[in-house]
2 protein chains.
Amino acid sequence: MNGVFKALSDPTRRKVLELLRKRPMTAGELGEHFPVSKPTMSAHYAVLREANLIDGVKQGTTITYRIKLSVLEEALLGFTRALGIGTGGANAEESAASTSEGRIS
Amino acid sequence: MNGVFKALSDPTRRKVLELLRKRPMTAGELGEHFPVSKPTMSAHYAVLREANLIDGVKQGTTITYRIKLSVLEEALLGFTRALGIGTGGANAEESAASTSEGRIS
DNA sequence: GATTTAATTAGATGATTAGCTAAATAGCGA
DNA sequence: TCGCTATTTAGCTAATCATCTAATTAAATC
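Residues numbered from 1 in each chain as written. Chains lettered and ligands numbered in written order. Predicted model: local features only at pLDDT ≥ 70, side-chain atom pairs only at ≥ 80, totals over all residues.

Caption draft 1: Fine view of the overall build of chain A. Tallying secondary structure elements over chain A gives five helices and four strands in all. Element order for chain A, N to C, with α for helix and β for strand: α-α-β-α-α-β-β-α-β. Every one of the 105 residues in chain A was classed for burial, and the buried ones make up 32%. Sequence-distant contacts, at least 24 apart, represent 45% of the contacts inside chain A between residues at least 6 apart. (Helix = DSSP H or I, 4+ residues; strand = E, 2+ residues; numbered from the N terminus. Buried ≥ 20, exposed ≤ 12 C-beta atoms within 10 Å, placed from the backbone. Contact = placed C-beta atoms within 7 Å.)

Structure representation (structure tokens):
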């Protein structure tokens, strides 16, 4: 699960996931959406694969990547649940206070 | 929003948020839960503050930190929405395929 | 077999990061 | 004012990271 959050910490990788959410795409196709070199993209795919957030199917010389939504969902919802926010279920217990006095940053 | 995900990429910081979710705590109280030095914790608080995920109220010599749930919620739900998972609403469009043939990692 | 195309691995570099100790700031109580 | 407590800032280090170019692997095509 730490791997998932590490993977999500980079904007490029988050955008890859958003692209793959619409449809599976080849490494090359994905790469066209970003202003970085192919090897750099390849490294991003590796991080996403290690986090188990995507997998790839080799077809000839191309690899088609696909998002593993269930894994992402599990990690994200697991965390929101631990924090009692959103759809996670568990009670929220809203942390009190309201006036902005002596507040830091 | 990138700041939020950057902040969430560290397990210590995620745990700080989970602790603060239960109740506001002072920097010192929080620190007792982790095997790292106070300055290191202080740096973590700074990252969380910059991401707007917590704020602190100074009372005498202590600072009581508090989670800003709405900000975290907004970022997290915003992202899940962009991916069409969970509570976010937006349609999912489950990415197809099923057999595990030629699958890479 | 040689060439082309798609993607990865290798190797290097500059930036960021998490951690430490030591020092500084700031409020409180005697 | 002096000393104590709570926290942050300064300065450093080792590790990780995103990026690049060059080289490698592997499949397809001529």
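Caption draft 2: Structural detail: helix α2 (residues 11-22) of chain A. All names here are of chain A. A rise of 1.5 Å per residue sets the reference length of α2, with its twelve residues, at 16 Å; its end C-alpha atoms lie 17 Å apart and thus fit the reference within 8%. Arg13, Val16, Leu17, Leu20 and Arg21 are the residues of α2 that are buried. Each buried residue of α2 lies within a common arc of 140° when the element is viewed along its axis, so the set occupies one face. (Expected span 1.5 Å × (residues − 1). Arc of directions from axis to C-beta.)

Caption draft 3: Spotlight on the protein's contact with DNA strand C. In the neighbourhood of DNA strand C, 22 residues make up the surrounding shell, with Gly28, Pro39 and Ser42 of chain A together with Ser37 and Thr40 of chain B lying closest. Of all the elements, helix α4 (residues 38-50) of chain A adds the most residues to the surface near DNA strand C, at five residues. Looking at the surface near DNA strand C, its residues break down into nine nonpolar, ten polar and three charged. (Near = placed C-beta within 6 Å. Nonpolar A, V, L, I, M, F, W, Y, C, P; charged D, E, K, R; others polar.)

Caption draft 4: Quick peek at the packing of helix α2 (residues 11-22) of chain B against helix α4 (residues 38-50) of chain B. All names here are of chain B. Where α2 meets α4, the closest approach of the two axes is 10 Å, and the angle between their N-to-C directions is 70°. Taken together, the axis directions place α2 and α4 in an arrangement best described as roughly perpendicular. For the pair α2 and α4, the contacting residues are Thr12, Arg13 and Val16 in the first and His44, Val47 and Leu48 in the second. When the residues that make up the contact of α2 with α4 are grouped by side-chain class, the tally is three nonpolar, two polar and one charged. (Axes fitted to C-alpha atoms, helices over the stretch in contact; angles between N-to-C directions. Parallel < 35°, antiparallel > 145°, perpendicular 65-115°, else oblique.)

These figures come from the coordinates and say nothing about function on their own.
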